[in-house]
Amino acid sequence: MIEMIRVGMADLKASRHPSILTTLGLGSCVGITLYDPKTKITGMVHIMLPCSKIASANTNRAKFADTGIVDLLAEMISLGANRKEIVAKIAGGAQMFNFTGPTNTLNIGARNSEATKQVLKELGIPILAEDVGGSYGRTIEISSENGRLMVKTIGYGVKYI
Amino acid sequence: MKSDIDLNNINSFHLDVLKEIGNIGAGNAATALAKLLNKRIDMKVPQIRVMKFSEVSDVLGGAESEVVGILLGVTGDITGNIVFVLDLLSARRLVNILFGKHIDEETEFGSLETSALQEVGNILAGAYLSSLSNLTNLRIMSNIPGIAIDMAGAILSVPAVEFGKNSDTVLYIENEFTYGNNSVVGDFFLVPDEASYIRLLNALGVA
């Protein structure tokens, strides 16, 4: 039985093969999975906000796209992953509530996905697949066997990216 | 505002005060719901939860359970979010009562049903907040409600994200309503931001 590792909100985990990493109920948050296909070392971070600089207190680095991805990468490298081999898949960044009022300007989901892509670009990590946006929640699961990412939704079924 | 209150180390006295805030707010909301449905509504003693973000998705019977969430932004002297969450069965029962159908009739959530639920959320949240406002003498208003039918974790992450800008834990004041044998279980989550939470305690003279 392969160990299933839960990643909570504002949380990150890295693991050696064999493992399955999962995070449940992504809304406007973004789940970022990093995978080294050679060593099969896998990592996942569940970020809530785009940038650590907007917050006054930022003790939990896994909460933000900028610091969370950097920390996850470092943890995977310390487990023996090769920096050059690592590829990414991302999911989430939905807008759960549609407001007709003035609060509409704050689409944190879209800002989270944009920031995530920007950070990965700066780190030179290619994004192999993504499933972002929309207005629905997602549960994701990555297998260290092949780096396949399962995206599960309530209204749109299950897909693999 | 200078205060020695730390959300990560909240004491039991402050928790009791917050619980009482939740109790009074929910009492008013329950009365509003009872009037709306013309049924007797009971409520449970509210739960106060101070949670780490990583624990948020475990509330409400699991992150993946499908629920109806009605979310309103709170503005005025305190800011934050108020979310009214119903499981699917309860939401359907509520709609059936409102529309004079048999309580367990299979009803799809079309635009009419969702807007009815949205309005119920609006009325209940309004009752909740106005009693808070009376109690604290603070000006508290709510924005237009938004509704989502989806995974509990995804819905509750929305107020958590709002809260997350300045804090690593989230404070939920959770209320539960039931009525008769045909229970409608609805949870209220009041999620003030950290400054507002201190302001609430200050207004009650306990900070």
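Now for a quick tour of the structure. Because the structure is a prediction, the values reported are computed rather than measured.

## Remarks on the overall build of chain B
Helix and strand counts for chain B stand at six helices and eight strands. Taken from the N to the C terminus, the helices and strands of chain B come in the order α-β-β-α-β-β-α-α-β-β-α-β-β-α. Each of the 207 residues in chain B was classed as buried or not, and the buried ones make up 45%.

## Some remarks on the sheet that holds strand 7 (residues 127-132) of chain A
Residue and element names in this part refer to chain A. Strand order in the open sheet formed by five strands is 2-5-4-6-7, with mixed pairing between adjacent strands. In this open sheet, the two edge strands, each paired with only one partner strand, are strand 2 (11-15) and strand 7. Across this sheet, the average inter-strand angle for adjacent strands is 10°, counted without regard to direction. Strand direction decides the pairing type here: strand 4 (residues 30-36) and strand 5 (residues 41-47), joined by seven bridges, are antiparallel. In the sheet register, Val30 faces strand 5, and the bridge partner there is Ile47. The sheet contacts of helix 1 (residues 65-78) involve strand 2, strand 4 and strand 5, and relative to strand 5 the element is tilted by about 160°. This element, helix 2 (residues 108-123), spans strand 4, strand 5, strand 6 (87-92) and strand 7 of the sheet and lies at about 25° to strand 4.

## Points about unusual backbone geometry
Cis geometry marks the peptide bond from A:His17 to A:Pro18; its omega dihedral reads -5°. With respect to the helices and strands, A:Pro18 occurs in the loop between strand 2 and strand 3 (20-26). Of note, A:Lys40 is a non-glycine position whose phi angle comes to about 60°, a positive value. In this fold, A:Lys40 is placed in the loop between strand 4 and strand 5. Phi angles above zero are rare outside glycine, and B:Asn137 is one such case at about 65°.

## Remarks on the environment of B:Lys52
With respect to the element layout, B:Lys52 can be found in strand 2 (residues 47-52). Considered as a pair, B:Lys52 and B:Ala30 are 22 residues apart in the sequence and their alpha carbons are 29 Å apart.

## Observations regarding helix 1 (residues 12-37) of chain B
All names here are of chain B. In this model, helix 1 (26 residues) spans 36 Å end to end at C-alpha, consistent with the 38 Å of a helix rising 1.5 Å per residue. For helix 1, every residue scored as buried is listed here: Leu18, Ile21, Gly22, Gly25, Ala26, Asn28, Ala29, Ala30, Ala32 and Leu33. Following helix 1 by one or two positions, Asn38 has its phi on the positive side, about 60°.

## Let's talk about the sheet that holds strand 10 (residues 158-160) of chain A
Residue and element names in this part refer to chain A. The strand order across the open sheet built from five strands is 1-3-8-9-10, with neighbouring strands paired in mixed fashion. Both outer strands of the open sheet, strand 1 (4-6) and strand 10, are each paired with one neighbouring strand and no more. Within the sheet, the average angular offset between the axes of one strand and its neighbour, ignoring direction, is 20°. Where strand 3 lies against strand 8 (residues 138-143), five bridges are found, and the strand directions are antiparallel. Directly across from Thr23, in strand 8, lies its bridge partner Ile140.

## Some words on the nonpolar core
Ranked by internal contacts, the top residues of the largest apolar core, which has 98 residues, are B:Tyr128 and B:Ile155. Residues within four places of B:Tyr128 in sequence aside, it is in contact with B:Gly25, B:Ala26, B:Asn28, B:Ala29, B:Ile82 and B:Phe188.

## Remarks on the packing of helix 1 of chain A against helix 2 of chain A
Any two packed helices are characterised by how steeply their axes cross, that is the angle between the axes, and by the distance between the axes. Residue and element names in this part refer to chain A. Interaxial distance between helix 1 and helix 2 falls to 9 Å at its minimum, and their mutual angle equals 45°. One finds that helix 1 runs oblique with respect to helix 2. Remark: the crossing between helix 1 and helix 2 carries right-handed chirality. Each of Ala65, Asp66, Ile69 and Leu73 in helix 1 lies in contact with helix 2, whose residues at this interface are Asn112, Ala115, Thr116, Val119, Leu120 and Leu123. For the contact of helix 1 with helix 2, the per-class residue count stands at seven nonpolar, two polar and one charged.

Cut-offs used in this document
- Residues numbered from 1 in each chain as written.
- Chains lettered and ligands numbered in written order.
- Predicted model: local features only at pLDDT ≥ 70, side-chain atom pairs only at ≥ 80, totals over all residues.
- Helix = DSSP H or I, 4+ residues; strand = E, 2+ residues; numbered from the N terminus.
- Buried ≥ 20, exposed ≤ 12 C-beta atoms within 10 Å, placed from the backbone.
- Pairing = 2+ DSSP bridges.
- Axes fitted to C-alpha atoms, helices over the stretch in contact; angles between N-to-C directions.
- Contact = placed C-beta atoms within 7 Å.
- Expected span 1.5 Å × (residues − 1).
- Core = buried A, V, L, I, M, F, W, Y, C linked by C-beta atoms within 7 Å.
- Parallel < 35°, antiparallel > 145°, perpendicular 65-115°, else oblique.
- Left-handed = near helix turned anticlockwise from the far one by under 90°.
- Nonpolar A, V, L, I, M, F, W, Y, C, P; charged D, E, K, R; others polar.

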